[in-house]
Amino acid sequence: MFTFKVVTEVTKIAKEAHAPWVEMNKEAWSIRRSYPEKTLEIALQTKQALEDIGYIPELAYSYRNIGTAYYLLSLYEESLTNLEKARELFEETGNRHALATTIRTEGNVFHSIDQDEKALEQYQEALTIVQELGDVQGMAYNLGNIGYVYRKLGRMPQAEEAMRETLELLEPLKDYIGLSDVKNNMAVCCLEQNDTKRARMYLESALAEAREVDHLRGLASANLSMSRLAMMEDDLEEALARVVLAEQYGKKMGEKLLIGEILRQKSSLQEELGIPASALKTYREFQQIDHELLLSQKKSTLEAIRMEAEITRMNREQEIIHKRNKELARANRIIEKRTKDLIDSLHYARNIQEASLCNEEQFKEVFPDGFVFFRPRDIVSGDFYFV
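Residues numbered from 1 in each chain as written. Predicted model: local features only at pLDDT ≥ 70, side-chain atom pairs only at ≥ 80, totals over all residues. Heavy atoms only, no water.

J.: Explain the side chain of Glu209 to me, please; I cannot follow it from the model alone.
T.: When you line up the elements, Glu209 lands in helix α10 (residues 196–212). For Glu209, a relative accessible area of 12% gives the class buried. Residues within four places of Glu209 in sequence aside, it is in contact with Tyr176, Leu179, Ser180 and Lys183. (Helix = DSSP H or I, 4+ residues; strand = E, 2+ residues; numbered from the N terminus. Buried < 20%, exposed > 50% of the residue type's maximum accessible area, 1.4 Å probe, protein only. Contact = heavy atoms within 4.5 Å.)

See below:
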């Protein structure tokens, strides 16, 4: 009873020691979509503290939050480095739910750097895990991402099917962030098929749900889509007003990839509306962000190429080693056979030699007090004696 009480107290003290960092990680995760810079700041702080006290289960969450924040800030190489570390720790601690969210975020990074097939692999892997866990929200998010990639690849029927499934899973959960994102994506599908009526319906709903939870990314994305809708309806003033709103939300959030899309559209609209000076200023701002994104993407792509080359080299070396091992095994078999044949020949020669030499009884008849010292070094002797 005493031992149990002591262990319970120690466990309680340990939990209390880690509690502040656990709560900070939860806070960082909850605000990631709207405030990635703040998420990064908190996560870096918790990482340092958790490394100092060596609490691995929660340290994994810090790495995941850092990787996610870097992704949302369009720093893809840094994102993948931290997500890979989080993945290792979640696998080590057996936290499959958090592992799935980490793999999904890796998919988001690959999607952002146009490695869409790799992104689909990550989403499918994460989807398999959450299906096994019965995580409905996780299933919805991965299906939504799969639908988004299908849309980008022009596979509209598959995209719409995945997004409808996502919507059906999220509506009972009242997940306003997820609902806002998927409805915006469904609206974009409609716009690409010139279905402006359905697009407006989805976008109005997406905006309402994003406002409900102050989802900055959702507000930026939906207003950008509303701007595209207004352009299709030849209402350029409304289109510019919407893109300005999208810019405000996007810059408040800080996702460079999204801000770049917004600025490019804003510049185009300003030019069409006859505001060349503003259009040029906006375009230069877009170029700066696009340059930063290109550098980040090149770094990530080059790192991926380097890793792929390293894996190819290692595989080639393994093939060479395997081939050499096969050759050595074959040579060993030949040597073993030849050795056996040689030993068999020596045994046969010994039998002949023993038959040729006189036996002990014959020797004693001639030399009663004599003896023979005959000891071959190996199997057969090179010496013969005769009586």
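J.: Would you mind showing me how to read the pattern of salt bridges here?
T.: Working definition: two side chains of opposite charge can pair if their charged atoms are close together. All chains considered together, the criterion is met by 19 salt bridges. Of the charged contacts, one joins Arg200 and Glu233 as a salt bridge, the two residues approaching to 2.8 Å between their closest N and O atoms. Taken together, the positions of Arg200 in helix α10 and Glu233 in the loop between α11 (216–232) and α12 (236–253) put the pair 33 residues apart, joining distant regions of the chain. Residue Arg200 is classed as partly exposed on the basis of its relative accessible area, which comes to 30%. Two residues, Glu238 and Arg242, come together in a salt bridge whose shortest N-O distance is 2.9 Å. With a gap of four residues between them, Glu238 and Arg242 both fall in helix α12, about one helical turn apart. (Salt bridge = Lys/Arg side-chain N within 4 Å of Asp/Glu carboxyl O.)

J.: Would you mind going over a negative patch on the surface with me for this structure?
T.: Taken together, the side chains of Glu161, Glu165, Glu168 and Glu171 define an acidic patch exposed on the protein surface. As for its position among the elements, Glu161 is in helix α8 (residues 156–170). (Patch = residues over 30% accessible without salt bridge, like charges linked within 9 Å, V, L, I, M, F, W, Y side chains within 5 Å. Areas by Shrake-Rupley, 256 points an atom, 1.4 Å probe, with all protein chains shown as cover. Lys, Arg positive; Asp, Glu negative; His and termini not counted. Charge placed at Lys NZ, Arg CZ, Asp CG, Glu CD.)

J.: What should I look at first to understand helix α9 (residues 176–192) in this one?
T.: Every α-helix carries 3.6 residues per turn, so stepping three or four residues along brings you back to the same face. Relative to the 24 Å expected for 17 residues at 1.5 Å per residue, α9 spans 24 Å between its end C-alpha atoms, a close match to the ideal helical length. With 14 of 17 residues buried, α9 lies mostly within the body of the structure. Backbone geometry just downstream of α9 places Asn194 in the positive-phi region, at approximately 60°. (Expected span 1.5 Å × (residues − 1).)

J.: I keep staring at the packing of α8 against α9 and nothing clicks. Help me out?
T.: Packed helix pairs are characterised by how far apart their axes lie and by the angle those axes make with each other. Remark: α8 packs on α9, axes separated minimally by 10 Å, with the N-to-C direction vectors making an angle of 155°. It follows that α8 is roughly antiparallel to α9 by the angle criterion. In this structure, the crossing between α8 and α9 has a hand that is left-handed. On α9, the residues touching Met156, Ala159, Glu160, Met163, Arg164, Thr166, Leu167 and Leu170 of α8 are Gly178, Leu179, Val182, Lys183, Asn185, Met186, Cys189 and Glu192. The residue makeup of the contact of α8 with α9, split by class, is nine nonpolar, three polar and four charged. (Axes fitted to C-alpha atoms, helices over the stretch in contact; angles between N-to-C directions. Parallel < 35°, antiparallel > 145°, perpendicular 65-115°, else oblique. Left-handed = near helix turned anticlockwise from the far one by under 90°. Nonpolar A, V, L, I, M, F, W, Y, C, P; charged D, E, K, R; others polar.)

J.: Help me understand the packing of helix α2 (residues 36–53) against helix α3 (residues 56–72) in this model?
T.: Contact pair α2 / α3: the axes reach a minimum separation of 8 Å and the direction vectors enclose 155°. As the angle between them shows, α2 and α3 are arranged roughly antiparallel. Note that α2 runs across α3; the crossing there is left-handed. Residues Pro36, Thr39, Leu40, Ala43, Leu44, Thr46, Lys47, Leu50 and Glu51 of α2 pack against Glu58, Leu59, Ser62, Tyr63, Asn65, Ile66, Ala69, Tyr70 and Leu72 of α3. Residues of the contact of α2 with α3, tallied by class, amount to 11 nonpolar, four polar and three charged.

All quantities given are derived from atomic positions and should not be read as evidence of function.
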